[in-house]
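# Secondary and tertiary structure notes
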There are 2 protein chains.
Amino acid sequence: MANTESVNVRVLSLNCWGIRYLSKHCPQRYAMIGDMLCKEEHDIVLLQEVWSEKDYLSMKKKLACSHPHSHYFKSGVIGSGLAIFSKHRIHDTFLFRYSLNGYPYMAHHGDWFGGKAVGMAVLNIGSLTANVYVTHLHAEYCRDKDSYLPHRVVQAWELQQFIRHTSAGADMVILGGDLNMHPQDLGNRLLRSYTGLQDSYLETAKFDGCEDGMTLIADNPFINKKELCPFEKGIRIDYILFKGSPKTDVYCDFMSTTKGSVPDHPFPYSDHEALTAGLRLETNTRAEIGSDRQPKILDSAAGKVAELVDIVTEARTEVKVGLHCAERMRYTATRTGVMGLALLFLELAIAAVPWLALGAEQPFPRTSFYLLAALCFAILLTTFLLYIFYTMELKALQGAEDQMRLAVGSLQEKLRGFPVAQPHNAQRRPPEGHEPGALATEK
Amino acid sequence: MANTESVNVRVLSLNCWGIRYLSKHCPQRYAMIGDMLCKEEHDIVLLQEVWSEKDYLSMKKKLACSHPHSHYFKSGVIGSGLAIFSKHRIHDTFLFRYSLNGYPYMAHHGDWFGGKAVGMAVLNIGSLTANVYVTHLHAEYCRDKDSYLPHRVVQAWELQQFIRHTSAGADMVILGGDLNMHPQDLGNRLLRSYTGLQDSYLETAKFDGCEDGMTLIADNPFINKKELCPFEKGIRIDYILFKGSPKTDVYCDFMSTTKGSVPDHPFPYSDHEALTAGLRLETNTRAEIGSDRQPKILDSAAGKVAELVDIVTEARTEVKVGLHCAERMRYTATRTGVMGLALLFLELAIAAVPWLALGAEQPFPRTSFYLLAALCFAILLTTFLLYIFYTMELKALQGAEDQMRLAVGSLQEKLRGFPVAQPHNAQRRPPEGHEPGALATEK
């Protein structure tokens, strides 16, 4: 038998709804959250929407004993709102800002100003390395007509890329946060299928919390029930996801959520429910563990790759919808700008050439002239800024689509190499550089 | 003896200077570059400043036979300008956009519009995985008074973070590009020390090219000699860096640069010289290689960590200078905005309250009123946009500084664990969570 070493890790994730002066009972709720964290002593605490650095710093002070290590991720205009507190030393941190994150002129939604991102912290838990990620994706304001869907899909795409590429050296991967996606939403499937991350709610041996693991519930007094419609009871959009490595197995022993209220307190911690997952790492110290599992993995791998091809293709379609929309918006901005310019030229012409003023004594009333000119300049400036913004959006969408196309090609190539397709050739890799494949031929 | 497997990889890096209609002889130079790449058949070609996607696509068509796999990285307004061509299949790509990249109002410098980034491609060379990176950092326009230095240092910081965190699973790492930094510049030292990347010019067994490996030389007809001053002969700012893995050793067998002219052609490929490196990978298939090397690595590791602490501290100082500057700029923008607002209120007051107009018959000449109001609005809008921009710059600089502080703390912790400091306790890790250390106490 192999030697096994077992480590338990308790993780909490909570969207704190910490908009100073706007969120209800903000200071009181922070005090409650701080007290709870001090008492519960989770190994890792992943917070979102800690919009004010002052709140983070006061929390850091409060948790100095229970969670001596912490990091606050700064981004955008306001900050990413992401914070991590840990009982274990944080050795390294890294922040990836999503390339797309709403529109600055949608100031009432505010997402653009938050500079949404995924923060990573590298922790050593005992002799193991854990890569811990915390993120918060763009909010969904209207599910039926969700104009931010392409942005959220690109964020999910970048999130899975970031986790996949940065976690190769880790024994354990934990992602916590407010994904703003329902369990079966495209971005969620993309994230879980590509990274192999497991949902602690689905994997847990024991669960105590809201029905269906919901984290935004109608029973929460801060929630406007109308906004949840048509999901009367609530939705599940906050997650703790995890995976092990060839060296480590991770199991979820228990999972819980708060239930819209906190005993002995007049209101809950936040408008979202807090999630807690009890994870158990089992390390197999024998070197050959990988080979023991190989047959089991290969059995289902072809099916998984095929599923992944479908999901990435679906995501690509969604990005194309976004591209079409961004192109239309840029076209509208360009047309409006050209009209503003034409108006300006016309005005200058009327003012300069008296006979154009159709015989009026004063060629152009001075006040109207200046007002019109100011309007033209305002149009020109606004449309120029919008043109720049939409071009950047287009580049980011095109970039994501290119990457998805390449990924689909590569996955299809992989599929062709599986035993089902080539029964006598299972382990042989296709020759490099001699097969153009799906990628090189498709454009 | 261990089994060894040897693979040769030829890499080219070139800044193409491909600004359509502005760069001299652009189409002819692209044709020359295409011909050369077709003929030379490098394994990997890393291009920078391919600003137009059309140029990339025509190059892709031309290189369809010699380099069937390619990727163009899109970013910013114009595009990142980064392209990769490869003989080996590209399995995956990922783009990291630097958080800081100059200022949009410095349009004549253009860096901001380029959306500088680092592009990554995962290649399989034989049975080995190579992570190939291509990047282009912010240009240095004035070495004596380099206002972009903090931005470039943060870019170098993010570049090393990105490479370090994404390359754990790779057998070989190659970075090529125009770093816009001299060999001993802070960002360059930071990058090489932290990642362990080796400079092919310094490591090569055989070199053929410009004196001191320079890549921006006075002999190049596209170069304005005055701009090189005080480096009369030229500077070295383009690099091919590489490293192996515990499983693989990488050696540089030869390296060459072009020398400011191309035989049988009236002008060179670009204003930068092209770099070619011949790398040799040797794979040790025995599992215990790591342990063979352990003593040798440990000997020099403490010294290297100490050096790294100094370099990160130096970088932190530079970021603090940038922070100070950004704060000052934001303050100026705020003050100007407040003055614009005060002017607007004053104007409205004069217009609204006749006795303020000091007895003049017409309280306020209408033309002046509108012109002044337009000016006030222009000031308000501009300062508002600048305020937003400087706040984002501040957040990014603060974020980098926080990460650097944490890294220094972690490195110092590592140093304390080395045999010199604790001779009887070399292999024991300090207990987790019980030692606040440099990180927790410093702020």
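Source: prediction; values computed, not measured.

### Some remarks on unusual backbone geometry
- Here C229 of chain A and P230 of chain A are connected by a cis peptide whose omega angle stands at 5 degrees.
- Although it is not a glycine, D264 of chain A sits at a positive phi angle of roughly 65 degrees.
- You can see D264 of chain A is positioned in the loop between β14 (248-257) and β15 (275-284).
- Residue classification places D264 of chain A among the exposed residues on the basis of a relative accessible area of 79%.
- Even without a glycine there, the phi angle at E49 of chain B is positive, about 55 degrees.

### Brief notes about the packing of aromatic side chains
- Scanning the entire structure with this criterion turns up 39 aromatic pairs over all chains.
- For the pair W112 of chain A and F113 of chain A, a centre-to-centre distance of 5.0 Å together with 85 degrees between the ring planes defines the contact as edge-to-face.
- Taking relative accessible area as the criterion, W112 of chain A reaches 22% and is therefore assigned partly exposed.
- On the accessibility criterion, F113 of chain A (15% relative accessible area) is buried.
- Seen from their ring centres, Y201 of chain B and F207 of chain B are 4.9 Å apart, and the 80 degrees between their planes marks the pair as edge-to-face.
- Classification of Y201 of chain B as partly exposed rests on a relative accessible area of 21%.
- Ring-pair connections join several aromatic residues into one group, and the members of that group are F94, F96, Y98, Y133 and F162 of chain A together with F94, F96, Y98, Y133 and F162 of chain B.
- Above the ring of F222 of chain A, the side-chain terminus of R29 of chain A is found at 5.4 Å from the ring centroid.
- Its end group placed over the ring of Y194 of chain B, R164 of chain B keeps NZ or CZ at 4.1 Å from the ring centre.

### Remarks on the side chain of D146 of chain A
All names here are of chain A.
- Within the fold, D146 resides in the loop between β7 (128-136) and α4 (149-166).
- A polar side-chain atom of D146 sits 2.9 Å from a polar atom in the side chain of R152.
- Apart from the residues within four sequence positions on either side, D146 is in contact with E140 and R152.

### Thoughts on the UniProt feature "transmembrane region" (unreviewed entry) in chain A
- As recorded in UniProt, the feature "transmembrane region" (unreviewed entry) lies at residues 338-357 and 369-390 of chain A.
- Regarding residues 369-390 of chain A, the helix share stands at 100% and the strand share at 0%, and the terminal C-alpha atoms are separated by 31 Å.

### Quick look at the domain arrangement of chain A
All names here are of chain A.
- In terms of domains, chain A is made up of domain 1 (5-284) and domain 2 (313-427).
- Between the C-alpha centres of domain 1 and domain 2 the distance comes to 34 Å.
- Taken together, the contacts link 18 residues of domain 1 with 17 residues of domain 2.
- Where domain 1 abuts domain 2, roughly 1,400 Å² becomes buried across the two surfaces, and 73% of that area is made up of carbon and sulfur atoms.
- Our count for the domain 1 to domain 2 interface comes out at one salt bridge.
- Note that E314 is salt-bridged to R189, the shortest N-O span being 3.0 Å.
- Along the contact surface separating domain 1 from domain 2 lie six residue pairs in polar contact (both at pLDDT 80 or more).
- Among the elements of the structure, α4 and α5 (186-195) are those that each provide at least two residues to the side of domain 1 that touches domain 2.

### Observations regarding the relation of the copies chain A and chain B
- Note on the identical chains: chain A maps onto chain B by a rotation of 180 degrees and an axial translation of 0.0 Å, with an RMSD of 0.0 Å. Taken together, these values place the two copies in the relation of a two-fold axis. Taking the C-alpha atom as reference, chain A places T166 of chain A closest to the rotation axis, 2.2 Å from it.

### Description of the environment of F345 of chain A
Residues and elements named next belong to chain A.
- Along the chain, the position of F345 falls in helix α8 (residues 289-352).
- Take F345: its relative accessible area is 53%, and that puts it in the exposed class.
- Put simply, F345 and C376 are 31 residues apart on the chain and 9.6 Å apart in space, counted from C-alpha to C-alpha.

### Section: the interface of chain A and chain B
- With 67 residues of chain A at the contact, the number on the chain B side is 67 residues.
- With both sides pooled, the region where chain A packs onto chain B buries about 5,700 Å², and carbon together with sulfur makes up 58% of that total.
- It is R89, F94 and H165 of chain A in chain A that bury the most area against chain B; as a group they hold 12% of the surface buried on that side.
- Linking chain A with chain B are eight salt bridges, by the criterion used here.
- D402 of chain B is paired through a salt bridge with K74 of chain A; the nearest N and O atoms lie 2.7 Å apart.
- For the pair chain A and chain B, the interface holds twelve residue pairs in polar contact (both at pLDDT 80 or more).
- Where the side of chain A that touches chain B is concerned, the elements lending two or more residues are β3 (69-73), β5 (90-97), α3 (111-114), β6 (117-125), α4, α9 (366-416) and α10 (437-441) of chain A.
- Ranked by residue count, the leading element in the side of chain A that touches chain B is α9 of chain A, at 20 residues.
- A breakdown of the residues in the side of chain A that touches chain B according to their chemical character gives 26 nonpolar, 25 polar and 16 charged.

Calculation criteria
The residue numbers shown here count from 1 along each chain, following its written sequence. Think of it this way: whatever chain is written first is A, whatever ligand is written first is 1, and the rest follow in order. At least 70 in pLDDT is required for a residue's local features to be given in this predicted model, at least 80 for side-chain atom pairs to be given and counted, and no such filter applies to totals for whole chains, interfaces and linings, which use all residues. Only hydrogens and water are set aside; all other atoms, that is, all heavy atoms of the structure, feed into the side-chain values. Only DSSP runs of H or I with at least four residues qualify as helices, and only runs of E with at least two residues qualify as strands; both kinds are numbered from the N terminus onward. Between buried and exposed lies partly exposed: a residue is buried under 20% and exposed over 50% of the maximum accessible area for its type, with that area taken using a 1.4 Å probe on protein chains only. Aromatic rings from Phe, Tyr and Trp, with only the six-membered ring used for Trp, were paired whenever their centres fell within 6.5 Å, and each pair was classed as stacked if the ring planes differed by under 30 degrees, edge-to-face if by over 60, and tilted otherwise. Note on criteria: charge over ring means Lys NZ or Arg CZ within 6 Å of the ring centre, with the direction from the centre no more than 35 degrees off the ring normal. A 3.5 Å cut-off defines polar contacts: any pair of N or O atoms within that distance qualifies, except that in protein one atom must be a possible hydrogen donor and the other a possible acceptor, and neighbouring residues in sequence count only when both atoms are side-chain atoms. Note on contacts: a residue pair is in contact if any heavy atoms of the two residues lie within 4.5 Å. UniProt positions are given in the numbering used here, feature names are shortened, and annotations may be inferred rather than shown by experiment. Residue ranges assigned to each domain were obtained from an automatic or database domain assignment. Buried area is a sum: the accessible area each of two parts loses on coming together, probed at 1.4 Å, counted once for each and added. Criterion for a salt bridge: a side-chain nitrogen of Lys or Arg within 4 Å of a carboxyl oxygen of Asp or Glu. Residues reaching a pLDDT of at least 70 in both copies supply the C-alpha atoms on which the copies are superposed by least squares. Residues are grouped as follows: Ala, Val, Leu, Ile, Met, Phe, Trp, Tyr, Cys and Pro are nonpolar; Asp, Glu, Lys and Arg are charged; all remaining types, including Gly, are polar.

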